[in-house]
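Fold and contact review
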Amino acid sequence: MNKKLASKGKNASKKVTIDATGLNLTSQAGLVSASKFLEKLQMSGMIKDCATVIRGNNASYQFHDIIEYCVLGIIGGGRSLDGVGEIWKDYALRQMLGWTSVPNRTTISRLLESLTFEEVIGMENLVHTMRRKIWEEHFLPNRNSTEPIIIDVDSTVKTSYGNQEGSEKGFNSSKKGASSFHPQLAFCAETKEILQAWYRCGSAYTSNGIVDFMAQLTAQLPTTENFYFRADSGYFSGDLLSFLEDNDYEYLIKVKMKNLTTMLASQDWADIENKAGWQETTFEYGCKSWDTKRTFKAVRVEIPEENPEETLLEVKKYSYFCYITTDLHLTPWEVHKKYGERATCETWIEESKNQVALANIKMDSFEGSSILFQCSVMAYNTFRYMGLVSGNEQLQKWEPATIRTYLIRTAGKLLTGSRQFRLITPINHFHQNEWNDWIKTGGLMKAG
């Protein structure tokens, strides 16, 4: 018979009995701070100012109630209206945030599907209004750099599986031939926030409406700052370049045009110092639809032959990377590296789609889906803004899903009495510093 090996680090587990009689327990303690942060930001008043929706005297919920309900539900992890509803089943959470009842799916759908494009514009303005207050109070006064603020513009495809208005076939790399939506986004590279977002039908080409998009965006930006726009080849458009130049904005855009490789091959190339196999060139060129020539900067790298011993003639092959930019003082290689930095924009897009349900919550009406889309934008930005305001570098680095796992989903017990609430949370949080800064940002303080 084998003897049991004693363990110094683990005792035998004891019998556990589940007693489901706990009252006022919550699994979303960190969501209270997010709600209080939006309350401090005066989001309710902003909604009323930006989107005037008149409801009857007998209405249980006003428009701003519905928007706050959706935004907080998305922050909590809801990826559908039913998922948002699951977040709000937390009785202790509702008590702390003052909700005596919450709207059901039918109520939300009926209201949002009755709205028009005017309310969609109001929601887009709401995003700018929130950003303006954060920038004026926290971002711009503490910004140390004198360099222009970089704005990355991009689009993304979100496959749809229903017959919602605006769901159309277009470019869809993940599911070819499937119907989708094609949102357009602008991110601030320093704060990682979404500055502006348009919900578009799936058949829209990447640069469709880009000049109007930029006109709306730049009209909302502070005139005291300089801005630098960066975009991929889908935005290589003479109309966009003219708009940016006419308004004295700097830009860096990847070039996309017919016979580009042939044109680049005919340029004069110089080796790049300490970059074996790489060459660079700068030249002037004007497309047929342009009324002026512009500066192009390009780099290329030699592609090694797979079987060089079988090649009779030495014909070198290259991969080309070409850009158009106002950064005339930079070398082509420096331009190439600066463009490469926009890869983080792709990461932010995936975070917003996969972690805060961007373009995931849809309704039959395009306007209803657009408003829920803007709710996801505000939810995503709330994570970014709370990190910025906290001053905590770790919070600023964490993705929304990480913050949700480590901070939002914190267990708590609500104690009531003396006309106030007291929330009991674990004495030793796994991420104590981040937790302390998270609750402070919401205006909450630890007792004692």
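In what follows, the accompanying structure is described. What you are looking at is a predicted structure, and each value in this text was computed from that prediction instead of being measured.

Focus on the sheet that holds strand β1 (residues 25–26)
Read across the sheet, 3 strands follow the order β1-β14-β15 without closing on themselves; strand pairing throughout is antiparallel. With one partner strand each, in any of the chains shown, β1 and β15 (420–424) form the two edges of the open sheet. Here strand β14 (residues 412–417) pairs with β15 via 5 bridges, running antiparallel. Across the sheet, Gly417 pairs through a bridge with Gln420, a residue of β15.

A short note on the environment of Leu41
Looking at the element boundaries, Leu41 is found in the loop between α1 (29–40) and α2 (43–50). Assessed through its relative accessible area of 5%, Leu41 is described here as buried. Distance in space between the C-alpha atoms of Leu41 and Met130 is 7.5 Å, their sequence separation being 89 residues. Excluding anything up to four places from it in sequence, Leu41 contacts Met46, Met130, Lys133 and Ile134.

Some words on helix α3 (residues 63–75)
With 13 residues, α3 should cover 18 Å at 1.5 Å per step; its first-to-last C-alpha distance of 19 Å lies within 8% of that length. With respect to burial, α3 is a largely interior element, 13 of its 13 residues being buried.

A short note on the pairing of strand β12 (residues 294–303)
Burial runs high along β12: 8 of the 10 residues are buried. By the bridge criterion, 8 bridges tie strand β11 (residues 278–285) to β12 in an arrangement that is antiparallel. Within β12, the residue paired with Thr282 across the bridge is Lys297. In this sheet, strand β13 (residues 317–325) lies alongside β12 in antiparallel orientation, the contact comprising 8 bridges. Bridge pairing in β13 links Val299 to Phe321.

Thoughts on the layout of surface pockets
The space that makes up the second largest pocket amounts to roughly 410 Å³. As for the second largest pocket, its lining consists of 22 residues, and the residues nearest its centre are Ser155, Val157, Phe171, His182 and Thr206. Among the secondary structure elements, those contributing two or more residues to the lining of the second largest pocket are β2 (149–155) and α12 (343–355). Among the elements that make up the lining of the second largest pocket, the one with the highest residue count is α12 (4 residues). Here the lining of the second largest pocket is composed, by residue class, of 5 nonpolar, 11 polar and 6 charged.

Some details on the packing of aromatic side chains
What the rule picks out here adds up to 23 aromatic pairs. Arranged with centres 5.6 Å apart and planes meeting at 15°, the rings of Tyr69 and Trp88 form a pair that is stacked. Highlighted residues: Tyr69 in helix α3 and Trp88 in the loop between α4 (81–87) and α5 (91–97), separated in sequence by 19 residues. Exposure remark for Tyr69: the relative accessible area of 3% places this residue in the buried category. A residue is classified by how much of its surface remains accessible, and Trp88, at 1% relative accessible area, is buried. Arranged with centres 5.7 Å apart and planes meeting at 55°, the rings of Trp269 and Tyr320 form a pair that is tilted. Taken together, the residues Trp269 in the loop between α10 (260–265) and β10 (270–271) and Tyr320 in strand β13 connect sequence positions 51 residues apart. Every member of this aromatic cluster is reached through a ring pair, and the members are Phe236, Phe283, Tyr285, Trp290 and Phe296.

Definitions and cut-offs
Residues numbered from 1 in each chain as written. Predicted model: local features only at pLDDT ≥ 70, side-chain atom pairs only at ≥ 80, totals over all residues. Heavy atoms only, no water. Pairing = 2+ DSSP bridges. Helix = DSSP H or I, 4+ residues; strand = E, 2+ residues; numbered from the N terminus. Buried < 20%, exposed > 50% of the residue type's maximum accessible area, 1.4 Å probe, protein only. Contact = heavy atoms within 4.5 Å. Expected span 1.5 Å × (residues − 1). 1 Å grid on protein atoms, 1.4 Å probe; cavity = no way out; pocket = protein on both sides within 12 Å on 5 of 7 lines; lining within 4 Å. Points joined across faces, edges and corners; volume = space filled by probe spheres on them. Nonpolar A, V, L, I, M, F, W, Y, C, P; charged D, E, K, R; others polar. Phe/Tyr/Trp six-rings, centres within 6.5 Å; stacked < 30°, edge-to-face > 60°.

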